[in-house]
Amino acid sequence: MAKALVIAFSSSDAEGAAAFGQALGAPFDILHFGDAPTDLGAGKMISASGDVPADALADGLKAVASGYSHIAAVSSMHSKDVMARLAGLLDAAMVTDVIAIASPTVFKRPIYAGSIIATIEVLAEPVVITFRPAGFAKPTRGGASTTETASLAGSGSTKRVSVSARASGRPDLTQAKFVVSGGRPLRDAQTFEQVIGGLADKLGAAVGATRAAVDSGIAPNECQVGQTGKIVAPDLYIAAGISGSTQHMAGIKDSKVIVAINKDPDAPIFEVADLGLVADLFDAVPEMTQKL
Amino acid sequence: MKILVPIKRVVDPYAKVRPLADGSGIDLTGQNFAINPFDEIAVEEAARIKERDPSTQVTAISIGGPEVEDQLRKALAMGADESILVESTAEWDSPSVADELAAYLKDNPTDVVIMGKQATDDDNNQVGQMLAAKLGWPQATFASKIELKPGEAVVTRETDTGEETLSLPLPAVITVDLRLNEPRYIALPGIIKARSKPLNKVAPKTSPRLRTCMTGVESPPSRQAGKRVGSVDELLAELKGRGVLNG
Ligand SMILES: Cc1cc2nc3c(=O)[nH]c(=O)nc-3n(C[C@H](O)[C@H](O)[C@H](O)COP(=O)(O)OP(=O)(O)OC[C@H]3O[C@@H](n4cnc5c(N)ncnc54)[C@H](O)[C@@H]3O)c2cc1C
Ligand SMILES: Nc1ncnc2c1ncn2[C@@H]1O[C@H](COP(=O)(O)O)[C@@H](O)[C@H]1O
């Protein structure tokens, strides 16, 4: 019988964890780092803590994961780091970035930067999964789960020397309702912050960027959206000075409304944008900021 | 210092790919192939480490059919000392690739494995972490800076919120991100010179034990081009009209 352990590595993942558990249609427990509600339909809410490198964390999770057929977590750089190592420790199969569940052993996921949706059949359990919550219906709330605390006692030889987390004060990109993104033409970090950041703050939006913008130091790396960056699913995605490469599109396809501002009327981004404005972003974006 | 760089041959990352009409797989007709861009960054990094310390030995390895020779030769041209083709036309999923690489590493002592964080065809982002786990080695994924010292790797890695720096005792597995370096351009003489470097073909030490398989593919629902607006005012009116913005 299938039984899932769904992991929420941060409190903002708890709802997504329940959405996946409910969509799987099998009993599930939620292991959560940080706070989580207790009415998410889980059998047990298991609270855990520990901010340690992947080797120790995966080792600790291995003990908790025993007895489950599915061990899943919301996709993030952190979960990919840890969950793939956990799969290795369990000698298990892994399916990354699941967007739909056909049955407890058949999943859909994007490949080739989202140009193709593949159906993956799991041939052996347990299976380790990361999933994108945007693909799943909001979980039904109700009932109270039992709660317990797990102490993760894993060991590892990696030491953390330093952390430089940039607190932007803006919403989390992967959960934001609005995202304003900029590309290569933004020139430098100051211009990017002023033009893209200015509109974002007016909207209460998160800030995103293309790889080209990040690589040239215009935007911080954690803002990269796309195949190899973050996947966003906001109500509104504003792309300013972004050409619309396959790799960038891979990260924004789940947005409800995409607005493109680009001075080239033939830019590929217009082929997917719901609303397109052919204009110089240095005129249009400040004008938007001012008129909002 | 011995460095192993596993590489995968993938469809040109800038090409358009489509499903076969019957949905049984990817239409590969007419496609060009390349080293997975992340693996190219890994080869480049190993080549730079060797340039700084010529006693470094760099081996590129790939599991695949005879066609992967092209990519392994390119790795030699970029600076690897030898390439190994683990020749197999079978299907290998991530745990099987990790098992085979682990078997190679058990027989061939190596200080550090440097490899791509993900292959741009399957977008799995799995093999490096699985390999590290199977060997019981520490790992640093998504590296944007690597410093190797005797017995230690100091790696700066990209995280969801910024960066962090880890210290790992060697041996270790490091997977690389886009901003680690920019791979060199290889001119023709380099590729010709690489012909004198060894490219060894070996049989796999393990047989793939598939834990997942792809049973079909389809195109994603396509987004339609929407409406062109002529001004910022019109844009804001549309957004308000659609209920995306208040007002
Ligand atoms: C392995 C791999 C992984 C990748 N992963 C990602 C990823 O995760 N995310 C990502 O974004 N990319 C990724 N890329 C890169 C991707 O292929 C593109 O190179 C990148 O997205 C282009 O960024 P851009 O749109 O900012 O720049 P460009 O392609 O240079 O486009 C700039 C656009 O701005 C327009 N423009 C210029 N000036 C103005 C102005 N004043 N006003 C308005 N418009 C203007 C131009 O018309 C143009 O369309 C990846 C590539 C590879 C090979
Ligand atoms: N067939 C293979 N042979 C050698 N290395 C591979 C192979 N497949 C994947 N890899 C390595 O594993 C990395 C991650 O791939 P993946 O987990 O499939 O996204 C790649 O960047 C390669 O370094």
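About the cut-offs
- Residues numbered from 1 in each chain as written.
- Chains lettered and ligands numbered in written order.
- Predicted model: local features only at pLDDT ≥ 70, side-chain atom pairs only at ≥ 80, totals over all residues.
- Heavy atoms only, no water.
- Helix = DSSP H or I, 4+ residues; strand = E, 2+ residues; numbered from the N terminus.
- Buried < 20%, exposed > 50% of the residue type's maximum accessible area, 1.4 Å probe, protein only.
- Contact = heavy atoms within 4.5 Å.
- Areas by Shrake-Rupley, 256 points an atom, 1.4 Å probe, with all protein chains shown as cover.
- Near = heavy atom within 4 Å.
- Polar contact = N/O pair within 3.5 Å; in protein donor to acceptor, adjacent residues only side chain to side chain.
- Patch = residues over 30% accessible without salt bridge, like charges linked within 9 Å, V, L, I, M, F, W, Y side chains within 5 Å.
- Salt bridge = Lys/Arg side-chain N within 4 Å of Asp/Glu carboxyl O.
- Expected span 1.5 Å × (residues − 1).
- Core = buried A, V, L, I, M, F, W, Y, C linked by side-chain atoms within 4.5 Å.
- Domains from an automatic or database assignment.
- Buried area = accessible area lost by both parts, 1.4 Å probe.
- Pairing = 2+ DSSP bridges.
- Axes fitted to C-alpha atoms, helices over the stretch in contact; angles between N-to-C directions.
- Arc of directions from axis to C-beta.
- Parallel < 35°, antiparallel > 145°, perpendicular 65-115°, else oblique.
- Left-handed = near helix turned anticlockwise from the far one by under 90°.

Counting its regular elements, chain B contains 6 helices and 15 strands. Principal-axis analysis of the C-alpha atoms gives chain B an extent of 65 × 45 × 40 Å. For chain B, the residues scored as buried account for 55% of the 247 residues in total. For chain B, the share of sequence-separated contacts (at least 6 apart) that also reach a separation of at least 24 residues comes to 70%. With an accessible surface of roughly 10,600 Å², chain B has 50% of that area assigned to carbon and sulfur atoms.

Another point: the site of ligand 2. All names here are of chain B. In the neighbourhood of ligand 2, 18 residues make up the surrounding shell, with P6, D39, A119, N125 and Q126 lying closest. The backbone of N124 places a nitrogen or oxygen atom 3.4 Å from an oxygen atom of ligand 2. Within the backbone of Q126, one N or O atom sits 2.8 Å away from an oxygen atom of ligand 2. In the complex, the protein chains occlude 97% of the 480 Å² of accessible area that ligand 2 would expose alone. Listing elements by their share of the shell around ligand 2, those giving two or more residues are strand 6 (57-64) and strand 8 (112-116). It is strand 6 that provides the largest number of residues to the shell around ligand 2, a total of 3 residues.

Residue and element names in this part refer to chain B. Nonpolar side chains collect at one region of the surface, where L188, I191 and I192 lie side by side and expose about 270 Å² of accessible area between them. Relative to the helices and strands, I192 is located in helix 5 (residues 188-193). Overall, the relative accessible area of 44% leaves I192 in the partly exposed class.

This brings us to helix 3 (residues 94-107) of chain B. Compared with the 20 Å implied by 1.5 Å per residue over 14 residues, the 20 Å span of helix 3 of chain B between its first and last C-alpha is a close match. With 11 of 14 residues buried, helix 3 of chain B lies mostly within the body of the structure. Every buried residue of helix 3 of chain B is listed here: S94, P95, S96, V97, A98, E100, L101, A102, A103, Y104 and L105 of chain B. Next to the buried residues of helix 3 of chain B lie strand 5 (93-98) of chain A together with strand 1 (2-6), strand 6, strand 7 (82-87), strand 8 and helix 4 (127-135) of chain B.

Residues I7, F9, L31, L61 and M83 of chain A together with L131 of chain B are the most contacted members of the largest nonpolar core, which totals 45 residues. The contact partners of I7 of chain A, leaving out residues within four places of it in the chain, are L31, F33, L61, I71, A72, A73, V74 and M83 of chain A. Residues V5, F38, A46 and V155 of chain B belong to the second largest nonpolar core, which totals 38 residues.

Right, let's get into the domain arrangement of chain A. Residue and element names in this part refer to chain A. Here the domain parsing of chain A yields domain 1 (4-151) and domain 2 (178-291). The centre of domain 1, based on its C-alpha atoms, is set 30 Å off from the matching centre of domain 2. On the side of domain 2, 8 residues touch domain 1, which itself brings 5 residues to the contact. Summed over both sides, the interface of domain 1 with domain 2 buries roughly 540 Å², with 61% coming from carbon and sulfur. By the criterion of area lost to domain 2, the three top residues of domain 1 are A113, R132 and A134, representing 72% of everything that side buries. In this assembly, domain 1 and domain 2 are joined by 0 salt bridges.

Looking now at the sheet that holds strand 6 (residues 100-103) of chain A. With antiparallel pairing, 4 strands are arranged side by side in an open sheet as 6(A)-7(A)-8(A)-14(B). Two strands lie at the open edges of the sheet, namely strand 6 of chain A together with strand 14 (212-218) of chain B, each paired on one side alone. Direction aside, the axes of adjacent strands within the sheet are offset by 35° on average.

A side chain of one charge can pair with a side chain of the opposite charge if their charged atoms are brought near each other. One pass over the structure, following the stated rule, counts 39 salt bridges over all chains. Between R223 of chain B and D274 of chain A there is a salt bridge; the shortest N-O distance is 2.8 Å. A residue pair is termed interchain when its members come from two chains, as with R223 of chain B in the loop between strand 14 and strand 15 (227-229) and D274 of chain A in the loop between strand 15 (257-262) and strand 16 (275-278). On the accessibility criterion, R223 of chain B (21% relative accessible area) is partly exposed. With its nearest N and O atoms 2.7 Å apart, the salt bridge here joins K201 of chain B to E69 of chain B.

This brings us to helix 6 (residues 232-241) of chain B. Those residues of helix 6 of chain B lying buried are V232, L235, L236, E238 and L239 of chain B. Down the axis of helix 6 of chain B, the buried set is contained in an arc of 160°. They therefore lie on one face. Looking at the packing, one finds that the buried side of helix 6 of chain B touches strand 14 (236-240), strand 15, strand 16 and helix 7 (281-291) of chain A together with strand 15 of chain B. Two residues or fewer after helix 6 of chain B comes G243 of chain B, characterised by a positive phi angle close to 75°.

Residue and element names in this part refer to chain A. One way to put it is that helix 2 (residues 54-65) packs onto helix 3 (residues 77-89) with a least axis distance of 9 Å and a crossing angle of 55°. In this view, helix 2 runs oblique relative to helix 3, as classed from their interaxial angle. Between helix 2 and helix 3 lies a crossing of right-handed hand. Note on element contacts: helix 3 touches helix 2 through H78, D81, V82, R85, L86 and L89, opposite A54, D55, L57, A58, D59, L61 and K62.

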